[in-house]
Amino acid sequence: MSAPILTARDLSVHLGGKSRTFARPVAPVRAVDGVDLELRDGEILGLVGESGCGKTTLGRTLLGQQRETGGEIRLRGRLVSGLAPREARRARASIGYVHQDPGAALDPWWSIGATLHEGMRIGGVADRVDRERRIAEMLRAVGLDPSVQRRYPHELSGGQLRRIGLARVLVLRPEVVILDEPTSGLDLSVQATVLRLFRDLRAAYGLTYLFISHDLSVVRLMCERVAVMYLGRVVELAPTAEIFARPQHPYTRALIGAAPRLDPAGALAPPTLAGDPPSATRLPTGCRFRTRCVLAAPACAEADPRLEPAGPDHEVACLRWRDGR
Amino acid sequence: MTAPLLSVEDLSLSIRTPEGEARVLDRVSLDLQPGALLGLVGESGCGKSTLVKTVLGVLPPAARATGGRILLDGRDLLRLPQAVLAREVRGRRLGFIPQDPALALNPMFTVGTQLLEIWRWHAPEGEDRGRAAGRARILSLFRRVQIPDAEAALDRHPHQFSGGQRQRVLIAAALLCRPALLVADEPTTALDVTTQQQILSLLGELAAEYGLSVLFVTHDFGVVSAICTHVAVMYAGQMVEAGTKADVLGAPCHPYTAALLACHPDRMAELAGIPGAVPSPLTPPAGCRFHPRCDVAEAGCQARPAGLTPQPDGRGVGCIRFDPARPAA
């Protein structure tokens, strides 16, 4: 087991919410609410969960773009949380973030080259010749011709934009890259080449990825470990093969059971989860999953379960995981 | 084999663009048997949405069908006047479930008002198109698609429903006038997996219950595996392979089907991808449009007209290597 490169302890991010004179206070959205997570050197950690579970907010908070409300973040053992936004981002310069929609993340009026130069200038690479050399090298590494710098975002395909998004981050030589839904909206054949690129670049530059995705098939293929999030909390964390073979949390089981797989003899499994997740402004008492859980018992309304060991390198946050097997 | 409910025969379609004539569909054929759930798959730009729009008769003005027929109940939809399509076909014979449930409903009106309007215009022949009858029909469908508190739901606006609930409202809308054919364009793409599972299982139940045939457009082979009985695969405006789910997904014949399936993360061994890019419909390659990217292409590929050749196992394959009168290479 390798050392953690990035750790979050009891991390929470509460968005919005305010107290109002003469009116009831507005409750904040508890987007991330007590997350414990560590990213090990060189691994690809998958972060899965349904929309609104806080995956993206967690990613942006680790990056330093969103300020945490509580808890701590350590990068290579050094405390990097509790800082003002600008310092927080500076302390975490070795973390990169690839935006969900790279097309929207690029300025349509700027050539690709201008965008790549700007990122490096802000990143502190003052020498233009040095920048040009690194940009050309990185564009080749992501499988593009350096002449692409003269082009504009609308001239490029979805797959090419992903590559630009990746090159833009990698020119800053990060150690950790947060990939937010890196394959959403890509066709299968393009997705395959992009996934391959992620693997090749990890090997070439010794990267560690936090791979945020809702596509369990892709996560299963790419990741070494998987963390499952539900309503702002990591509810299960285990090596990929283990979590798909022996999911312990009832939510993980429902999620894996619901994900359709390519199978010529496939049939639809009957739904095990009814309804929609409750609002993140009004979480249920006790376990936040109990309102939709098949195993829920009275005790689940009392105690809020935290991650506990459930096997080798396997953690689960459920009071009743032993009863569900 | 019984006669198909919907039959697309050699449909070709062009769209005028400032850059010239885009040949978007090239001799596309498709049969949908009564009671079948046919998954229409292909990557973006392959023409699957255009095919659906042609069947629905909602093409943009710049589009023109240049050949072929679309037969439903023995009538060629391409030759029916819009007024007849609107009154007798859409809604009554043909229900449509759109991709994005948020965009398909008018935010200004309650869902009850919007569904009642459908009933007023498209109620089946011989049924009372009045408010009371419409309301009763909508309520019974809302209960069937498991919208909680159906009575109150009628008076809600679209934003008051979650994504999954809105998709249930639209399924009810599509089924309102008792169609025989349901066309669903990526109906679960905007939904989370657990919601997707609920909606797919509801669609499967309803199809069996009402004996519906479903044309299910999707790019997700997992969804096809879960719900469809048959699969048709398109590439760059041509149909390349069609058959039962077990045949096409289990033992693909066409090189494109095989390559695409090999790109699926559940199948992928070495993360290969397909070299090259999809050709522009403005300048499509001659013959089989996949030949420039195909591993096993030969000289005759450029001369093979688009279309499926029936195989002994019942599937159709659009590849020269599966043609009986294959010219000696």
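In case you missed it, the structure is sitting above this.
Described below are features of the structure shown in this document. (Residues numbered from 1 in each chain as written. Chains lettered and ligands numbered in written order. Predicted model: local features only at pLDDT ≥ 70, side-chain atom pairs only at ≥ 80, totals over all residues. Heavy atoms only, no water.)

**A closer look at helix 6 (residues 158-170) of chain A**
All names here are of chain A.
Thought 1: Spanning 13 residues, helix 6 covers 19 Å between terminal C-alpha atoms, matching the ideal 18 Å at 1.5 Å per step.
Thought 2: Taking burial as the measure, the 13 residues of helix 6 include 10 buried ones, the bulk of the element.
Thought 3: All of the buried residues in helix 6 are G159, L161, R162, R163, I164, G165, L166, A167, V169 and L170.
Thought 4: Close packing links the buried residues of helix 6 with strand 8 (95-98), helix 3 (102-105), helix 4 (112-122), helix 5 (128-141), strand 9 (176-180) and helix 7 (188-205). (Helix = DSSP H or I, 4+ residues; strand = E, 2+ residues; numbered from the N terminus. Expected span 1.5 Å × (residues − 1). Buried < 20%, exposed > 50% of the residue type's maximum accessible area, 1.4 Å probe, protein only. Contact = heavy atoms within 4.5 Å.)

**Comments concerning helix 1 (residues 48-56) of chain B**
Thought 1: Counting buried positions over the nine residues of helix 1 of chain B gives seven, a clear majority of the element.
Thought 2: A positive backbone phi angle near 75° is found at G57 of chain B, which sits one or two residues after helix 1 of chain B.

**Describing the environment of L216 of chain A**
Residue and element names in this part refer to chain A.
Thought 1: With respect to the secondary-structure elements, L216 resides in helix 8 (residues 216-222).
Thought 2: In this structure, the C-alpha to C-alpha distance between L216 and A259, residues 43 residues apart in sequence, is 6.8 Å.
Thought 3: Other than its neighbours up to four places away in sequence, L216 contacts V48, F244, L255, I256 and A259.

**Focus: the sheet that holds strand 3 (residues 37-41) of chain B**
All names here are of chain B.
Thought 1: Spatially, the eight strands line up as an open sheet ordered 6-7-8-3-9-10-12-11, and their pairing is mixed. Of all strands in the sheet, those with a lone pairing partner are strand 6 (94-97) and strand 11 (309-310), marking the two edges.
Thought 2: Lying on the sheet, helix 7 (residues 163-175) is in contact with strand 6 and strand 7 (181-185); it crosses strand 6 at an angle near 170°. (Pairing = 2+ DSSP bridges. Axes fitted to C-alpha atoms, helices over the stretch in contact; angles between N-to-C directions.)

**Some points on the interface of chain B and chain A**
Size of an interface: often given as the accessible area lost when the parts come together.
Thought 1: Between chain B and chain A, the residue contacts involve 37 residues of the former and 37 residues of the latter.
Thought 2: Buried area between chain B and chain A, both sides added, is near 3100 Å², and the carbon and sulfur share of it is 58%.
Thought 3: Of all residues in chain B, Q197, D266 and L271 of chain B bury the most surface against chain A, accounting for 23% of the area lost on that side.
Thought 4: Along the contact surface separating chain B from chain A lie one salt bridge.
Thought 5: Between R261 of chain A and D266 of chain B there is a salt bridge; the shortest N-O distance is 3.1 Å.
Thought 6: Linking chain B with chain A are 14 residue pairs in polar contact (both at pLDDT 80 or more).
Thought 7: Those elements that provide at least two residues to the side of chain B that touches chain A are helix 8 (193-210), helix 9 (221-227), helix 10 (245-250) and helix 11 (255-262) of chain B.
Thought 8: For the side of chain B that touches chain A, the leading source of residues is helix 8 of chain B, giving eight residues.
Thought 9: The residue makeup of the side of chain B that touches chain A, split by class, is 15 nonpolar, 14 polar and eight charged. (Buried area = accessible area lost by both parts, 1.4 Å probe. Salt bridge = Lys/Arg side-chain N within 4 Å of Asp/Glu carboxyl O. Polar contact = N/O pair within 3.5 Å; in protein donor to acceptor, adjacent residues only side chain to side chain. Nonpolar A, V, L, I, M, F, W, Y, C, P; charged D, E, K, R; others polar.)

**Observations regarding the environment of L78 of chain B**
Residues and elements named next belong to chain B.
Thought 1: Within the secondary structure, L78 sits in the loop between strand 5 (75-76) and helix 2 (82-89).
Thought 2: We classify L78 as partly exposed; its relative accessible area is 29%.
Thought 3: Each C-alpha atom, one on L78 and one on G57, is 7.6 Å from the other, the two residues being 21 residues apart in sequence.

**Structural notes on the nonpolar core**
Across soluble globular proteins, you tend to see nonpolar side chains buried next to one another.
Thought 1: Counting 126 residues, the largest nonpolar core has L166, L195, F198 and F211 of chain A together with F142, I171 and F216 of chain B as its most contacted members.
Thought 2: Built from parts of two domains, this core gets at least three residues from each of domain 1 (6-93 + 179-322) and domain 2 (94-178) of chain B.
Thought 3: Residues within four places of F198 of chain A in sequence aside, it is in contact with L166, L179, P182, Y209, F211 and M222 of chain A.
Thought 4: Within the second largest apolar cluster, 37 residues are counted, among which are A22, L25, L56 and M234 of chain B. (Core = buried A, V, L, I, M, F, W, Y, C linked by side-chain atoms within 4.5 Å. Domains from an automatic or database assignment.)

**Brief notes about the packing of helix 6 of chain A against helix 7 of chain A**
All names here are of chain A.
Thought 1: At their nearest, the axes of helix 6 and helix 7 sit 10 Å apart, and the two run at 15° to each other. With respect to each other, helix 6 and helix 7 are oriented roughly parallel. For helix 6 against helix 7, the interelement crossing comes out right-handed. Contacts between helix 6 and helix 7 involve G159, R163, L166 and L170 on the former and, on the latter, V190, T193, V194, L197, F198 and L201.
Thought 2: For the contact of helix 6 with helix 7, a count of residues per class yields seven nonpolar, two polar and one charged. (Parallel < 35°, antiparallel > 145°, perpendicular 65-115°, else oblique. Left-handed = near helix turned anticlockwise from the far one by under 90°.)

**Some words on unusual backbone geometry**
Leaving glycine aside, a negative phi is the common case for residues, and trans is the common case for peptide bonds.
Residues and elements named next belong to chain B.
Thought 1: The backbone of D10 shows a phi angle near 45°, a positive value even though the residue is not glycine.
Thought 2: Tracing the sequence through the fold places D10 in strand 1 (residues 6-17).
Thought 3: The partly exposed category is assigned to D10, whose relative accessible area is 34%.
Thought 4: Its identity is not glycine, yet R178 carries a phi of approximately 50°, on the positive side.
Thought 5: Looking at the secondary structure, you find R178 in the loop between helix 7 and strand 7.
Thought 6: Since its relative accessible area comes to 42%, R178 is described here as partly exposed.

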